[in-house]
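Analysis of the macromolecular model
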Amino acid sequence: MVKAEAVQKNFGRLEVLRGIDLEVKPRDVMCMIGPSGSGKSTFLRCINHLEKIDAGRLSVDGELVGYRQRGDRIYELRDAEVCKKRAEIGMVFQHFNLFPHLTALENLVEAPIRVKKESRAVASERARRLLDRVGLAEKVDAYPRQLSGGQQQRVAIARALAMQPKLMLFDEPTSALDPELVGEVLDVMRALAEDGMTMIVVTHEIGFAREVGDTLVFMDGGVIVEAGKPRDVLANPQQERTRSFLSKVL
Amino acid sequence: MADAVGVRPAAIKAVPVRHPGRWVAAIVVLAIAVYVLYTIGAAIGNDRTVLGPHTGWLVVQRFLFNGLIFRGILVTLELTVLAMAVGIILGAILAVMRLSANPVMSWVSWLYIWFFRGTPVLVQIFFWFNINLVVKSIDIGIPFTSLWLHGDTNKLIPPFMAALLGLGLNEAAYMAEIVRAGIISVEHGQTEAAQALGMDRGLVMRRIVLPQAMRVIIPPTGNETISMLKTTSLAFGAGVTELFTRQQQIATATYDVLELLIVASIWYVVMTSILTVGQYYIERRFGRGSTRQQPLTPLQRFRRMLFTFHAPLPPAVVQAGPAVPGSEHR
């Protein structure tokens, strides 16, 4: 589903990604851990072209992200094409980024109606089902500010799902939450994984990575230091850097 | 635990600190205000006017509902609404141009704002009023074809149009800065979240950024509208028969200068007061979602006050209170 080969990204002279190689198969859940500044969030944002990569190849479903190749030449995609691809990838942010001027339901139906040109009836029907699925059926008409952090993040997940994405990206979805609210969000994500959604999750929740993840990737300094089955990496890290990171967070 | 709370200390009953200075200051200020108002009021009352001696206030009363004054008010309102419409639409376009990734757009917008903010409105009104001295006709069309529209500057820009152009184009420069401030006040995460859902630039701006920017844009825009209502009096310079010109025309005929200025002032105050109320309700509308609960309108507060004075809170009122869904959190 997602394939990265030697992906590089610089911000000016700062090399944030220094050659990332990985592959995520359909229905897989990949968790990425690592210290802050290691490039995990940047990599996630490259996948839906919120950041442009500088070198290497990154493809989703066999198609390059942000570019098209014809013969030897690589062409940048036009805005409309980029938007079309983004619409197939759901993203959940650390700070939720719900639209504060819209109710929960309006947050969910906005993109399906405007981007996918669905009828309001169809979009609302699915939105209600999704809000019910994340346990917020009774908050349909609440504005984001009337919701707790955990509730907001669950709405944000439902909003991404409303576009019926083939892939979900989670950028530290529980990092901004009070500890007692983390569980409700992780429960929703766990259920989503069990339903077979392909997911890439940047997280600090080691427990979640161990139980739900099919692969665990440890990043540091813009490279993948270690990757493998979560239980193997966590129980028996091969690299010194992985060991020292895990000893601090476990 | 409950036992420990058993004995509650008595509430403190202390003698409050006196503030004699506040009383003295209040009395002095009130005395000065009353004196000034009374002196001016009495002087106008004693003024000798067209109606005879001691008839100043009678003249104010008489011309307050004069037909010419009403026609002037109508023109003032027209000018205000149209100039603000030009200002807001052109201002929004200039703001988007200013934030555009295209450097030419951004610079053109910057130059426009720089120029129109840098010159007095009165100069601009006079400029449009006198443009026919140098530009005889305005022709718009497609080069190398016969598709051309021709217009005489004299006919295209009568006094009203000159005032409208002067006020509107000047306002656009200020509105551009207000709209720009509103747009950049919206958190970048909002744009990213919208983009991640596949929305294109136009959609993100129209559906996500601008509605949120409105909360920042509306209060100063209300301010600008109130300011515009009064600035339209500069159209006097172009001979537009708005409120100020009308009172001036009457005053030159009757010599009751101060009385007619008071008439005009009363109407300006009435109109700005109405605008202030309108602004309150528009702000409330665009504030949706920014607070947990919509604040009550003064009317609602008044009604509730009546209820609570007469009877214990009716159930409807209790419900509308803190029981907003989700408000139990945080």
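Since the model is a prediction, treat every value here as computed from it, not as a measurement.

With that settled, the discussion passes to the overall build of chain A. Helices and strands together make up the secondary structure of chain A, namely 9 helices and 12 strands. For 250 residues, the compact-globule estimate of 2.2 N^0.38 gives 18 Å, and the C-alpha radius of gyration of chain A, at 18 Å, lies within 12% of that figure. Dimensions of chain A along its principal axes, counting C-alpha atoms only, are 50 × 50 × 30 Å. Within chain A, the fraction of its 250 residues that count as buried is 57%.

Our next topic: the side chain of A:Glu51. Residue and element names in this part refer to chain A. With respect to the helices, strands and loops of the structure, Glu51 is situated in the loop between α1 (40-47) and β4 (55-60). A polar contact is formed between the side chain of Glu51 and the side chain of Arg45, at a distance of 2.9 Å. Contacts of Glu51, omitting those with residues within four sequence positions, involve Lys9, Phe11, Thr42, Arg45 and Cys46.

Residue and element names in this part refer to chain A. The 6 strands lie next to each other as β8-β9-β10-β3-β11-β12, forming an open sheet whose pairing is mixed. In the strand order of this sheet, the two ends are held by β8 (89-92) and β12 (223-228), each with one partner. Neighbour-to-neighbour, the strand axes of this sheet turn through a mean angle of 15 degrees, independent of strand direction. Here 4 bridges tie β8 to strand β9 (residues 167-171), and the two strands are oriented parallel to one another. Bridge pairing in β9 places Gly90 opposite Met168. Against the sheet, helix α6 (residues 179-194) engages β3 (29-33), β9 and β10 (198-202), with an angle of about 150 degrees to β10.

With 7 of 8 residues buried, α1(A) lies mostly within the body of the structure. Within the span of α1(A), buried status applies to A:Lys40, A:Thr42, A:Phe43, A:Leu44, A:Arg45, A:Cys46 and A:Ile47.

On to the sheet that holds β4(A). All names here are of chain A. Spatial ordering of the open sheet is given by β2-β1-β4-β5, a layout of 4 strands whose pairing is antiparallel. Single-partner strands in this sheet number two, and they are β2 (14-24) and β5 (63-64). Here β4 pairs with β5 via 2 bridges, running antiparallel. Along β5, the bridge assignment pairs Ser59 with Leu64. Of the strands in this sheet, β1 (2-11), β2 and β4 are in contact with α1, which crosses β2 at around 65 degrees.

All names here are of chain A. If you check α6, its first and last C-alpha atoms are 24 Å apart, about what 16 residues at 1.5 Å a residue would give, namely 22 Å. Inspection of α6 places Leu181, Val182, Val185, Leu186, Val188, Met189, Leu192 and Ala193 among the buried residues, and these make up the whole buried set. Burial along α6 is one-sided: seen end-on, the buried residues are contained in an arc of 155 degrees. Within α6, the exposed residues directed more than 90 degrees away from the buried face are Glu180 and Glu194. Among the structural elements, β3, α4 (120-133), α5 (149-161), β9, β10 and α7 (206-212) are those in contact with the buried residues of α6. At the exit of α6 stands Gly196, carrying a positive phi of roughly 95 degrees.

The next subject is the nonpolar core. Residue and element names in this part refer to chain A. Counting 65 residues, the largest nonpolar core has Val2, Met32, Phe43, Ile47, Leu58, Leu167 and Ile200 as the members making the most contacts within it. Setting aside anything within four residues of it in sequence, one finds Met32 in contact with Leu22, Lys40, Phe43, Ile200, Val201, Val202, Thr203, Val217 and Met219. Of all hydrophobic cores here, the second largest spans 52 residues; its members include Leu131, Leu161, Ala162 and Leu181.

What follows is about the packing of helix α4 (residues 67-98) of chain B against helix α5 (residues 103-118) of chain B. All names here are of chain B. Look at α4 against α5: their axes get within 7 Å of each other, and the N-to-C directions meet at 130 degrees. Comparing their axes, α5 and α4 come out oblique. For the pair α4 and α5, the crossing hand works out as left-handed. Across the interface between the two elements, Leu90, Leu94, Met97 and Arg98 from α4 touch Met105, Ser106, Val108, Ser109, Trp110, Tyr112 and Ile113 from α5. Of the residues assigned to the contact of α4 with α5, the class counts are 8 nonpolar, 2 polar and 1 charged.

This paragraph deals with unusual backbone geometry. All names here are of chain B. In this model, His54 sits at a positive phi of 55 degrees, which is unusual for a non-glycine residue. Checked against the element boundaries, His54 lands in the loop between α2 (20-46) and α3 (56-64). Phi at Phe144 is positive, roughly 65 degrees, even though this residue is not glycine. Along the chain, Phe144 falls in the loop between β1 (137-141) and β2 (148-152).

Okay, the environment of B:Leu111 next. Residues and elements named next belong to chain B. With respect to the secondary-structure elements, Leu111 resides in helix α5. Of the residues examined, Leu111 reaches a relative accessible area of 44% and is grouped as partly exposed. Taking C-alpha positions, Leu111 is 10.0 Å from Arg98, a pair spaced 13 residues apart along the chain.

Reading guide: rules and limits
- Residues numbered from 1 in each chain as written.
- Chains lettered and ligands numbered in written order.
- Predicted model: local features only at pLDDT ≥ 70, side-chain atom pairs only at ≥ 80, totals over all residues.
- Heavy atoms only, no water.
- Helix = DSSP H or I, 4+ residues; strand = E, 2+ residues; numbered from the N terminus.
- Rg over C-alpha atoms; globule rule 2.2 N^0.38 Å.
- Buried < 20%, exposed > 50% of the residue type's maximum accessible area, 1.4 Å probe, protein only.
- Polar contact = N/O pair within 3.5 Å; in protein donor to acceptor, adjacent residues only side chain to side chain.
- Contact = heavy atoms within 4.5 Å.
- Pairing = 2+ DSSP bridges.
- Axes fitted to C-alpha atoms, helices over the stretch in contact; angles between N-to-C directions.
- Expected span 1.5 Å × (residues − 1).
- Arc of directions from axis to C-beta.
- Core = buried A, V, L, I, M, F, W, Y, C linked by side-chain atoms within 4.5 Å.
- Parallel < 35°, antiparallel > 145°, perpendicular 65-115°, else oblique.
- Left-handed = near helix turned anticlockwise from the far one by under 90°.
- Nonpolar A, V, L, I, M, F, W, Y, C, P; charged D, E, K, R; others polar.

Any link to function would need more than the numbers given here.
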